[in-house]
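Here's the letter readout for the chains.
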Amino acid sequence: MVSNETANQQPVDEMESVSNDDTPVDLQAEYESSNVAEVLEKLDRELIGLKPVKTRIKETAALLLVDRVRKSLNLTSGAPSLHMSFTGNPGTGKTTVASRMSEILHRLGFVRKGHLVSVTRDDLVGQYVGHTAPKTKEVLKKAMGGVLFIDEAYYLYRPENERDYGQECIEILLQVMENNRDDLVVILAGYKDRMDKFYQSNPGMSSRIAHHIDFPDYVPDELMAIAKLILEAQHYRFSPDAEKAFQQYIVRRMQMPHFANARSIRNALDRARLRQANRLFAISGKQLTKKDLVTLEPEDILASRVFQDGVPDGQKVETVPVG
């Protein structure tokens, strides 16, 4: 027989449970107080295009925000796995997005400091016995409380070399990624096909990556917009004819080897500025104006080897026919 006290207690417990379930949660207020919107807006300003990437970052930010609210209500069971994989060609914004991701993680309380440590294989792997572990652990120590960004991560694994120490580095990373995931987020980056092979060869690493984001190449119009943003930040601009010439440059350069998206555009503009400076110095007996100093003209673009012999500036390769 159930006592009156027990019988009366059950509805009270149920009422408390219902009351707890009805606790109001204002996600918008949490979002505003976190200042994550400021980071997302900065990302929009910094990077042209990349709509699928920006969508994934916003979705991840929403997931983290909800997880933080759940934690405040004692609904979380442990630290979520936030390690990521960024795949895509060079110059598609992977490092910039990693930097903004570190800010988001910090503002939502998932990492203590929110700094970004960017490294490659050379920063992690030693060249002789006993050298790799100290190097890797030193990098991890610097990255704790923030994000460790490993570019061209597939170079960590070189099975064809019996004396390679990359596997030792990977084993240390795996241990830290699992045991310290509440204090460190690791982002592995590189070409998609090579990263896929890397994960196939290292299933332990693949199992620890929760978020995979592919970075698409830019299209010509996006690259032109990027060029204008770069020039604006440097207080330069195209003349109308120079803009047409640079549009032609983009189309030609995209067809050539070693094209690196926004990185190639920035390099091309640096060389155009050099040509502009030489052109201005060559002018004798003429008073220059501010307009002269800030404007790139067609000759600053058309003097590129891309137009002369079909070879990207700064590269010593055989002539490449432009189709």
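Residues numbered from 1 in each chain as written. Predicted model: local features only at pLDDT ≥ 70, side-chain atom pairs only at ≥ 80, totals over all residues. Heavy atoms only, no water.

1. Considerations on the overall build of the chain
- Scanning the chain from N- to C-terminus turns up 16 helices and seven strands.
- Buried positions account for 41% of the 323 residues belonging to the chain.
- When contacts within the chain are restricted to residue pairs at least 6 apart in sequence, long-range pairs at least 24 apart make up 74% of them. (Helix = DSSP H or I, 4+ residues; strand = E, 2+ residues; numbered from the N terminus. Buried < 20%, exposed > 50% of the residue type's maximum accessible area, 1.4 Å probe, protein only. Contact = heavy atoms within 4.5 Å.)

2. Looking at the pairing of strand S4 (residues 185-190)
- Taken across its six residues, S4 has six buried, putting it largely inside the fold.
- Here S4 shows no split at all, with Val 185, Ile 187 and Ala 189 on one side and Val 186, Leu 188 and Gly 190 on the other all buried.
- Of the pairings in the sheet, the one linking strand S1 (residues 84-88) to S4 comprises four bridges and is parallel in character. For Thr 87, the partnering residue across the bridge sits in S4 and is Gly 190.
- Once the chain exits strand S3 (residues 147-150) it traverses helix H8 (residues 166-179) before rejoining the sheet at S4, and the crossover so formed is right-handed. (Pairing = 2+ DSSP bridges. Right-handed = clockwise from strand over helix to strand, strands pointing away.)

3. Here we look at the packing of aromatic side chains
- One pass over the structure, following the stated rule, counts seven aromatic pairs.
- Seen in terms of ring centroids, Tyr 154 and Tyr 155 are 5.0 Å apart; in terms of plane orientation they differ by 70°. Their pairing is edge-to-face.
- Tyr 154 gets classed as buried once you look at its relative accessible area, which sits at 6%.
- Taking relative accessible area as the criterion, Tyr 155 reaches 30% and is therefore assigned partly exposed.
- Between Tyr 154 and Tyr 191 the ring centres are 6.5 Å apart and the planes differ by 25°, which places this aromatic pair in the stacked class. Of this pair, Tyr 154 sits in the loop between S3 and H8 while Tyr 191 sits in the loop between S4 and helix H9 (192-201), placing them 37 residues apart in sequence.
- Residue Tyr 191 is classed as partly exposed on the basis of its relative accessible area, which comes to 27%.
- Each residue in the set Phe 238, Phe 246, Tyr 249 and Phe 307 is aromatic and connected to the rest through ring pairs, giving one cluster. (Phe/Tyr/Trp six-rings, centres within 6.5 Å; stacked < 30°, edge-to-face > 60°.)

4. Comments concerning the nonpolar core
- Ile 57, Phe 86, Ile 104, Leu 105, Phe 238, Phe 246 and Ile 301 are the most contacted members of the largest nonpolar core, which totals 54 residues.
- Among the elements that take part in this core, helix H11 (residues 220-233) stands out by supplying six residues, more than any other.
- Leu 105 has contacts with Leu 64, Leu 82, Phe 110, Val 111, Val 147 and Val 185, leaving out every residue within four places of it along the chain.
- Residues Ala 133, Leu 184, Phe 198 and Met 205 belong to the second largest nonpolar core, which totals 29 residues. (Core = buried A, V, L, I, M, F, W, Y, C linked by side-chain atoms within 4.5 Å.)

5. Section: the pattern of salt bridges
- With the rule as written, the count across this model stands at 17 salt bridges.
- Across the pair Lys 42 and Glu 103 runs a salt bridge whose closest N-O atoms are separated by 3.4 Å. Taken as a pair, Lys 42 in helix H3 (residues 36-46) and Glu 103 in helix H5 (residues 94-107) lie far apart in primary sequence, 61 residues in all.
- For Glu 103, a relative accessible area of 16% gives the class buried.
- For Glu 46, the salt bridge identified is with Arg 100, shortest N-O distance 2.6 Å. Of this pair, Glu 46 sits in helix H3 while Arg 100 sits in helix H5; the two residues are 54 residues apart in sequence, bridging distant segments of the chain.
- With relative accessibility at 12%, the residue Arg 100 sits in the buried group.
- What emerges from the salt-bridge pattern is a single network uniting Glu 38, Lys 42, Glu 46, Arg 100, Glu 103 and Arg 107. (Salt bridge = Lys/Arg side-chain N within 4 Å of Asp/Glu carboxyl O.)

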